[in-house]
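Working through the structure, step by step
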Amino acid sequence: MEEKQREATWQEEEEQAEVAVWKYVIGFTEMAVVKCAIELGIADSIESHGSPMTLSELSSALACAPSPHYRIMRFLMHRGIFKEELTTAHGSPGYAQTALSRRLMRHGERSMAALILLESSPLMLAPWHSLSARVLANETSPFDAAHGEDLWSYAAENPAHSQLINEAMACDARLAVPAMIHDCPEVFDGLGSLVDVGGGNGTTLQTLVKAFPWLRGINFDLPHVVSVATESIGVEHVGGDMFLSVPKADAVFLKWVLHDWGDKECIQILKKCREAIPKDKGKVIIVEAVIEEAETNKLTDVRLALDMIVMAHTNTGKERTFNEWGFVLGKAGFCRYTVKPIRAVQSVIEAFP
């Protein structure tokens, strides 16, 4: 009887593997087709139309050849990115928006298009082919191996890619920062000024100053980044190097910055942040993923995948566990810290000197 059960279990596992392995053979197609949908402007067109569109209407609006366009839509429909609804004009089947497809629009508060376009760009895809070399040698990063310099040097020399990075980070800011404001607004109580280190185009501070008008915001990033940032009421743009010094404020804010660096660099950055805040009431607010190895939730896969992304795209970056965050904060001179989950990939870490 036990032999039959083992045989049945083995057979079931083999059948599951036979189906599951195809995910790795063809997995790249989802990114490629979604990128295609963004570049064609499918979601934007349906949204502008204001109601479901037939294939003919959509193909005409986008100047697409109907046959390949139909096949693209069939793929996206099967994955629930778009849905079928009757059109109002003809009563014919048409393509309609979903909550997911709206995230593929070029603009909008919940758009993730820029992040998808960044990660699916040829420049960012090339390093993945050298990931095994990074693991074996643990020296040159895959990005360096593919492009001959690190990501930040490349971005400084290539304004178009720098802009794509800033737009992608702004995408995440429009999701993570409102979640933070909703779930833990008390983090900003008693603060008069806030410096956002690595703040990109200033989207994060614009959102925070709007929610907390008493805040004076300082958007701090590399000179070539802040030189093209849009001016905004309540936000001052300052160029500089976080490894050398950080503008003084009641609190320092870092979102998706420290995961780009190894422990040595993180400790150096955090020490500069500690020097920038008052010893008695200052704090550093970190918005980063916290990997919980002992338990999983619906965003665990995302956090683990982000860890692979920073491995491929940075020299020493990594996503950290609770204990790993405690280590770098302790070494940087912070006496205590708290971790607060929010409805986002990241958590909010408050560190006090």
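Located above this text is the structure these notes cover.
This text gives an overview of the structure that appears in the document. For every chain, the first residue of the written sequence is number 1, and numbering continues from 1 onward in sequence order. pLDDT decides what is reported in this predicted model: residues at 70 or higher carry local features, side-chain atom pairs at 80 or more are listed and counted, and totals for whole chains, interfaces and linings draw on all residues regardless. Remark: hydrogens and water are excluded; side-chain values derive from all non-hydrogen atoms of the structure.

**Quick look at a negative patch on the surface**
Residues E12, E13, E14, E15 and E18 make up a contiguous surface patch of negative charge. Only DSSP runs of H or I reaching four residues or more are called helices, and only runs of E reaching two or more are called strands; each is numbered from the N terminus. With respect to the element layout, E18 can be found in helix α1 (residues 2-20). Between buried and exposed lies partly exposed: a residue is buried under 20% and exposed over 50% of the maximum accessible area for its type, with that area taken using a 1.4 Å probe on protein chains only. Note on E18: relative accessible area 56%, which makes it exposed. Every patch collects residues that have over 30% relative accessible area and no salt bridge, joining them within 9 Å if they carry like charges and within 5 Å if they are nonpolar side chains (Val, Leu, Ile, Met, Phe, Trp, Tyr). A 1.4 Å probe and the Shrake-Rupley method give the accessible areas. Residues count as covered only by the protein chains that appear here. For salt bridges, the criterion is a side-chain nitrogen of Lys or Arg within 4 Å of an Asp or Glu carboxyl oxygen. Neither His nor the chain termini are counted; the positive set is Lys and Arg, and the negative set is Asp and Glu. The location of each charge is read from NZ of Lys, CZ of Arg, CG of Asp or CD of Glu.

**A word on helix α13 (residues 203-211)**
By the burial criterion, the buried members of α13 are T203, T204, L205, L208 and V209. Any pair of residues with heavy atoms lying within 4.5 Å of one another is described as a contacting pair. In this fold, the buried residues of α13 make contact with α12 (159-183), β3 (193-197), β4 (216-221), β5 (235-239) and β6 (251-255).

**Here we look at the pattern of salt bridges**
Two side chains bearing opposite charge may form a pair once their charged atoms approach each other closely. A full pass over the atoms with the stated rule returns 13 salt bridges. One salt bridge connects K255 with D172, and the closest N-O pair in it is separated by 2.8 Å. Residue K255 is found in strand β6, and its partner D172 is found in helix α12; the two are separated by 83 residues along the sequence. Overall, the relative accessible area of 8% leaves K255 in the buried class. Connected via shared salt-bridge partners are E186, K283, K340 and E350.

**Some details on the sheet that holds strand β7 (residues 283-288)**
Taken in spatial order, the seven strands line up as β5-β4-β3-β6-β7-β11-β10 in an open sheet, and their pairing is mixed. The sheet is open, and its two edges are formed by β5 and β10 (336-341), each paired on a single side. Going across the sheet, the axis of each strand differs from the next one's by a mean of 20°, ignoring polarity. For helices, the axis comes from a line fit to the C-alpha atoms of the stretch in contact; other axes are also lines fit to C-alpha atoms, and the angle between any two N-to-C directions lies between 0 and 180 degrees. Contacts between helix α15 (residues 263-276) and the sheet are confined to β6 and β7, with β6 contributing the most and set at about 150° to the helix. Only strands joined by at least two bridges in the DSSP assignment are considered to pair.

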